[in-house]
Structure formats: C-alpha cells, structure tokens
Amino acid sequence: GAMYAKGEGVPQNYEQAFVWFLLAAAQGDVFAQTNLGFLYAKGDGVPQEYKEASGWFLKAGLQGDASAQASLGLMYRRGLGVPQDYKESIKWYRKAAEQGNESSQFYLGLMYRQGLGLVRKDYIEALSWFRKSAEQGNAVGQRTVGFLYLVGDGVSRDPVKGLEWTQKAAAQGD
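The paragraphs below set out a description of the structure included in this document.

### Description of helix 8 (residues 123–135)
The periodicity of an α-helix, 3.6 residues per turn, causes residues three or four places apart in sequence to face the same way.
Argument step 1. Taking 1.5 Å of rise per residue, the 13 residues of helix 8 would be expected to cover 18 Å, and the 18 Å separating its terminal C-alpha atoms lies within 8% of that figure.
Argument step 2. Burial in helix 8 covers these residues: Ala 126, Leu 127, Trp 129, Phe 130, Ser 133 and Ala 134. For helix 8, the arc enclosing every buried residue in end-on projection is 165°, short of the 170-degree limit, so these residues lie on one face. Away from its buried face by more than 90 degrees, helix 8 exposes Ile 124 and Glu 135.
Argument step 3. Of the surrounding elements, those touching the buried residues of helix 8 are helix 6 (86–97), helix 7 (102–114), helix 9 (139–151) and helix 10 (159–171).
Argument step 4. Just downstream of helix 8, Gly 137 is the residue with a positive phi angle, here 95°.

So this is what it looks like as structure tokens:
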C-alpha cells in the first residue's frame, strides 16, 4: 500500500494503495489503518469522508499509533467527521504528544493557551508543550515560544530567549 501511495517502485496509484491498505488493516495492521484514515481524510483514491477517516484513526489510535492519535485530536478540535469536542481533542493530542509527536505538542499547548476544553487557561502548561514542540524543531512552536518570551505573555519577558527562538524558526523559513 505504501509503495503505491508514495509511488515508490511503482507508479503512484491511490486506488491500489487503498486496496492493499484495506487488506492489511483488516488483519489489524496499525500502519495500514492509519494510512486508510489519511486516504479518507484527504480524498486520495476514495471519496473524502471524514467520518470514515475518524473510524480508521480510532482503530489505530487505540493501538497507540501517534499519527492516528494526532489526527483524532485535530478531527475533534475541528469537528471533522465527529462532533466538535475539545476535551476529546485534548485527550488524543496528549496521547500523541506524550509519544513525542511535535505537532500534537504544539496543538496541546494551543489548547491550554486558549483554555479550550479546560476549566481555565493555563499559560505555564501551554508554554511547556510549546517548548517541547520547539525543542524538536517545530518551526511554529519555535516562533510561538519566541513570541511569548519577546512580549512576556504568560512568561517573564526575556528578549534574548525570544530572539533565539524566533531566529531558529526563521532559519527554517518561518
């Protein structure tokens, strides 16, 4: 499936990728389940169907796949194929973030910063997740940490740290 999806060694063909991923997913293959979720979410080789995507991401996410968990976090945050539910979004982002998924770390920080699905905003927890994302090289995380230090928003103002982080982001084109 992956070879057809990426066009490695064979012409790229999402319909064929779907067939092979479906066969493997039916046997419980977590990688195939996650990839079926992506095919449905993007509409590659199949009609775009967020509800179907979320079902495949759930199967893989329950088996611990961080990409699937991150995708579920996004789907619940935006209400794609599932009811919008910030608490459920936080649950899935956290599972992926704790496995080192940098985009989930960033979005979990955003949820804490905005107070979405929480009793209140938590700037300290937000900065902690933003920093984890930034330390892994996530340019948006680096820019965000830099901005927070530059303006002293939720953290003690530190222009030197702020400039360091924004320069790291800029070096990546952000």
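### Remarks on the environment of Asp 122
Argument step 1. Inspection of the secondary structure assignment puts Asp 122 in the loop between helix 7 and helix 8.
Argument step 2. A relative accessible area of 23% means that Asp 122 is categorised as partly exposed.
Argument step 3. Asp 122 sits 12 residues away from Leu 110 along the chain, and the two C-alpha atoms are 9.9 Å apart.

### Brief notes about the pattern of salt bridges
Argument step 1. Scanning all chains against the criterion turns up 3 salt bridges.
Argument step 2. One salt bridge in this structure joins Lys 91 and Glu 88, with 3.0 Å as the shortest N-O distance. Of this pair, Lys 91 and Glu 88 both sit in helix 6, 3 residues apart, which is roughly one turn of that helix.
Argument step 3. By relative accessible area, which is 37% here, Lys 91 ends up partly exposed.
Argument step 4. One salt bridge connects Arg 143 with Asp 174, and the closest N-O pair in it is separated by 2.4 Å. Taken together, the residues span a long stretch of sequence, with Arg 143 in helix 9 and Asp 174 in the segment after helix 10 at a distance of 31 residues.
Argument step 5. The exposure class of Arg 143 is partly exposed, given its relative accessible area of 39%.
Argument step 6. The class of Asp 174 is partly exposed, set by a relative accessible area of 35%.

The rules behind each value
Residues numbered from 1 in each chain as written. Predicted model: local features only at pLDDT ≥ 70, side-chain atom pairs only at ≥ 80, totals over all residues. Heavy atoms only, no water. Helix = DSSP H or I, 4+ residues; strand = E, 2+ residues; numbered from the N terminus. Expected span 1.5 Å × (residues − 1). Buried < 20%, exposed > 50% of the residue type's maximum accessible area, 1.4 Å probe, protein only. Arc of directions from axis to C-beta. Contact = heavy atoms within 4.5 Å. Salt bridge = Lys/Arg side-chain N within 4 Å of Asp/Glu carboxyl O.

Read these as spatial facts, not as claims about activity.
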